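A closer look at the structure
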Amino acid sequence: MQFILEYQWQLFIILESLSWMMLLFFGGVRYWFGKRKISAFFLALFIILLALEGVLALAVYNETGEISQFHIIIIIIFLLYACTFGIVDFLKLDRWMRWKIGGWRQIDMLSDKDRRLIAKQQNPAYIAKKFRISSLIHTIIFLTVQIGFWLDGTGSFHAMIPYLTDWDWVGTEDLRLTPYRSEALYNGSMIWGIVFAIDFIWSWSYTLFPAKQKK
């Protein structure tokens with residue numbers, strides 16, 4: 001266990017890198033070589049590697065007995081993404097690989113439904129709507145989790161009010177001035193807040209500054 005605690009970040013990076021490699025192998029073997037059974041093996045390895053990331057986080061928690069920044073990044077950012085937006089992105093990646101590899105092999109691997117979806121995804125109005133929806137979902141998840149963290153740290157909704165009316169505590173190095181219970185939750189939330197702000201601005205830029213329709 002000492003090895004896992006000492007190299008937890010390196011192990012996570014290795015598992016995450018291998019999981020992406022398995023996705024690439026899945027597409028190459030399935031669509032370039034036409035080996036569907038073997039490609040299913042690589043897809044299964046991808047799922048196993050994601051599960052191992054969860055096991056790694058659980059092992060670290062069992063040893064330390066506390067939720068750290070490591071857990072927040074793995075569980076909230078990576079595993080939560082994989083189980084929500086990641087599924088949609090995987091389907092898009094699969095469709096993109098069939099389109100590209102099919103073009104290289106001069107074989108039509110797309111169905112009529114695939115072509116309709118590709119055409120729809122080039123429509124600025126559809127793109128803007130999709131990003132608005134994803135931004136709304138991200139906002140709900142972010143606020144729900146943060147309310148849970150604040151309740152855990154303050155004990156009541158009434159005690160949360162001063163932190164909502166005065167944001168001078170944001171960025172402080174003194175945990176006692178924040179509504180969070182632990183340093184890990186505070187630091188993880190600050191990182192997530194930055195990611196959330198960037199994602200929110202990026203998502204709504206498609207509505208405020210729509211691109212031109214692609215031919």
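Residues numbered from 1 in each chain as written. Predicted model: local features only at pLDDT ≥ 70, side-chain atom pairs only at ≥ 80, totals over all residues. Heavy atoms only, no water.

As a further point, take the packing of helix α2 (residues 8-32) against helix α3 (residues 36-64). The geometry of α2 relative to α3 is characterised by a closest axis approach of 8 Å and an angle of 165° between their N-to-C directions. Judged by the inter-axis angle, α2 sits roughly antiparallel to α3. Judged by the twist between their axes, the crossing of α2 over α3 is left-handed. In the contact of α2 with α3, the residues fall into 18 nonpolar, three polar and four charged. (Axes fitted to C-alpha atoms, helices over the stretch in contact; angles between N-to-C directions. Helix = DSSP H or I, 4+ residues; strand = E, 2+ residues; numbered from the N terminus. Parallel < 35°, antiparallel > 145°, perpendicular 65-115°, else oblique. Left-handed = near helix turned anticlockwise from the far one by under 90°. Nonpolar A, V, L, I, M, F, W, Y, C, P; charged D, E, K, R; others polar.)

Turning our attention to the packing of helix α7 (residues 124-154) against helix α8 (residues 157-165). Two elements in contact, α7 and α8, have axes whose closest approach is 9 Å; the angle formed by their N-to-C orientations is 110°. On the basis of their axis angle, the class for α7 and α8 is roughly perpendicular. Residues I147, W150, L151 and T154 of α7 form the contact with α8, whose participating residues are F157, A159, M160, Y163 and L164. For the contact of α7 with α8, the per-class residue count stands at eight nonpolar, one polar and no charged. (Contact = heavy atoms within 4.5 Å.)

As a further point, take the pattern of salt bridges. A complete count under the given rule lists six salt bridges for this structure. Among the salt bridges present, the one from D94 reaches R98, with a minimum N-O distance of 3.2 Å. Taken together, the residues D94 and R98, both in helix α5 (residues 85-105) and four residues apart, mark about one turn of the helix. Note on D94: relative accessible area 11%, which makes it buried. Judged by its relative accessible area of 13%, R98 falls in the buried class. Here D108 and R115 are joined by a salt bridge, their closest N and O atoms 3.0 Å apart. Taking relative accessible area as the criterion, D108 reaches 56% and is therefore assigned exposed. For R115, a relative accessible area of 35% translates into the label partly exposed. If you follow the salt bridges from partner to partner, you end up with D94, R98 and D114 in one network. (Salt bridge = Lys/Arg side-chain N within 4 Å of Asp/Glu carboxyl O. Buried < 20%, exposed > 50% of the residue type's maximum accessible area, 1.4 Å probe, protein only.)

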